[in-house]
Amino acid sequence: MSVNAAFRIDMMTQQDIPDLREIVTAWVRKDGRPIADEIERTMAILRAAAKGNGDVYLVARDADGKPVGVMGCGSPDDRFLPFRSSPEARAAGLKTAFLSPDIRGRGLGKQLLEALFAGAREAGWTEMLWSSNPRYRTTAWSFYTILAGDPVGILEDFFEPGSRTPVWRKDL
Ligand SMILES: CC(C)(COP(=O)(O)OP(=O)(O)OC[C@H]1O[C@@H](n2cnc3c(N)ncnc32)[C@H](O)[C@@H]1OP(=O)(O)O)[C@@H](O)C(=O)NCCC(=O)NCCS
């Protein structure tokens, strides 16, 4: 897989984990401060995927091979199942989507998510479902609607009691 001369997209490896921790830590914050337990949970998901648990995780790299973004999917949380297009659909859940802060807005996120859609399709899933923490309302929600269309529903209490967040679905 390739993007352009400056970046390429390929599989996440265990060697990527330290660089990806920096990217995750840049975004998983409350009032400007890193949220340690959520960062650790995210890194555990990345480590398990890098060891080959069946999740599909892709990394965007700069010309030196250094990771500048990561997106990945796997079996969805059960709370997404009602949002499948049909009970027969093989739905993946989008679990992770982060770019380095200085690399945003150049089309790389779109290329990475489209590569993930293709990778998930090759892995046998027929659609992808996801939501997004309210903290990413201004940084990601419009992006998701551009890539997947209007949300298909609202998920309640998923991120915290009282949270109401969109559910996007993309046919693969
Ligand atoms: C969300 C994210 C992955 C998008 O990647 P990106 O490279 O910045 O987005 P792109 O440049 O590929 O944008 C693709 C399209 O979405 C639009 N878009 C991207 N971010 C947007 C935003 N915050 N608000 C409005 N539109 C946005 C772009 O204008 C572009 O539209 P176009 O195709 O009509 O020109 C990236 O910005 C990011 O990491 N954000 C911070 C972390 C985050 O919120 N992650 C989501 C966790 S659920």
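Please refer to the structure placed before this passage.
Summarised in this report is the structure supplied together with it. Remember, it's a predicted structure, so these values are computed and weren't measured experimentally.

Before going further, it helps to spend a moment on the side chain of Ser163. For Ser163, the position within the fold is in the loop between strand E8 (153-156) and strand E9 (164-171). There is a polar contact of 3.4 Å between the side chain of Ser163 and the backbone nitrogen of Phe158.

Our next topic: the site of the ligand. Ala97, Arg104, Gly107, Lys110 and Thr139 are the nearest of the 21 residues found near the ligand. Between the ligand and Gly105, the relevant distance is 2.8 Å, taken from an oxygen atom to a main-chain nitrogen or oxygen of the residue. Residue Arg106 places a main-chain N or O atom 3.4 Å away from an oxygen atom belonging to the ligand. Contact with the protein chains removes 74% of the 930 Å² of surface that the ligand exposes when unbound.

As judged from the four bridges shared by strand E7 (residues 127-130) and E9, these two strands associate in the antiparallel manner. Within E9, the position partnered with Glu127 by the bridge is Asp171. In terms of strand pairing, E8 meets E9 through four bridges, oriented antiparallel. Bridge pairing in E9 places Ile154 opposite Pro166.

Moving on: the packing of aromatic side chains. Inspection of the entire model under this criterion finds nine aromatic pairs. Judged by centre distance (5.9 Å) and plane angle (70°), the ring pair of Phe98 and Tyr136 falls under edge-to-face. Here Tyr136 lies in the loop between E7 and helix H4 (141-148) and Phe98 lies in strand E6 (residues 91-99), a separation of 38 residues in the sequence. In this structure Phe98 comes out as buried when scored by relative accessible area, which is 11%.

Pairing is mixed across the open sheet formed by seven strands, whose spatial order is E1-E4-E5-E6-E7-E9-E8. Looking at the sheet topology across the chains shown, the edges are occupied by strand E1 (8-11) and E8. With strand direction ignored, the average angle separating the axes of adjacent strands in the sheet is 30°. The sheet contact formed by E6 and E7 spans three bridges and is parallel.

A word on helix H3 (residues 108-122). Helix length check: H3 (15 residues) gives 21 Å between terminal C-alpha atoms against 21 Å at 1.5 Å per residue, within 8%. Leu108, Gly109, Leu112, Leu113, Ala115, Leu116, Phe117, Gly119 and Ala120 are the residues of H3 that are buried. At the C-terminal side of H3, Gly124 shows a positive phi close to 105°.

Conventions used here
The residue count restarts for each chain, going from 1 along the sequence in the order it is written. Per-residue local features of the predicted model are confined to residues with pLDDT of at least 70, and side-chain atom pairs are confined, for both listing and counting, to 80 or more; whole-chain, interface and lining totals are unaffected and use all residues. In computing side-chain values, all of the structure's heavy atoms are included and hydrogens and water are not. A run of DSSP states H or I qualifies as a helix once it reaches four residues; a run of E qualifies as a strand once it reaches two. Both are numbered from the N-terminal end. Two N or O atoms form a polar contact when they lie within 3.5 Å of each other; inside protein one atom must be a possible hydrogen donor and the other a possible acceptor, and for residues adjacent in sequence the pair counts only when both atoms belong to side chains. Working definition: residue near molecule or strand if any one of its non-hydrogen atoms lies within 4 Å of it. Here, Shrake-Rupley sampling with a 1.4 Å probe gives the accessible areas, and only protein chains in the shown set may cover a residue. Strand pairing is defined by DSSP finding a minimum of two bridges between the two strands. Within 6.5 Å between ring centres, the rings of Phe, Tyr and Trp (the latter by its six-membered ring) count as paired, and their orientation is classed by plane angle as stacked under 30 degrees, edge-to-face over 60, tilted in between. Only protein chains enter the accessibility calculation, which uses a 1.4 Å probe; a residue is then buried when its area is under 20% of its type maximum, exposed when over 50%, and partly exposed in between. Under this scheme, a helix contributes an axis fitted over its contacting stretch, all axes are lines through C-alpha atoms, and angles between N-to-C directions fall in the 0 to 180 degree range. For a helix, the expected span equals 1.5 Å multiplied by the residue count minus one.

No statement about biological role is implied by the geometric values presented.
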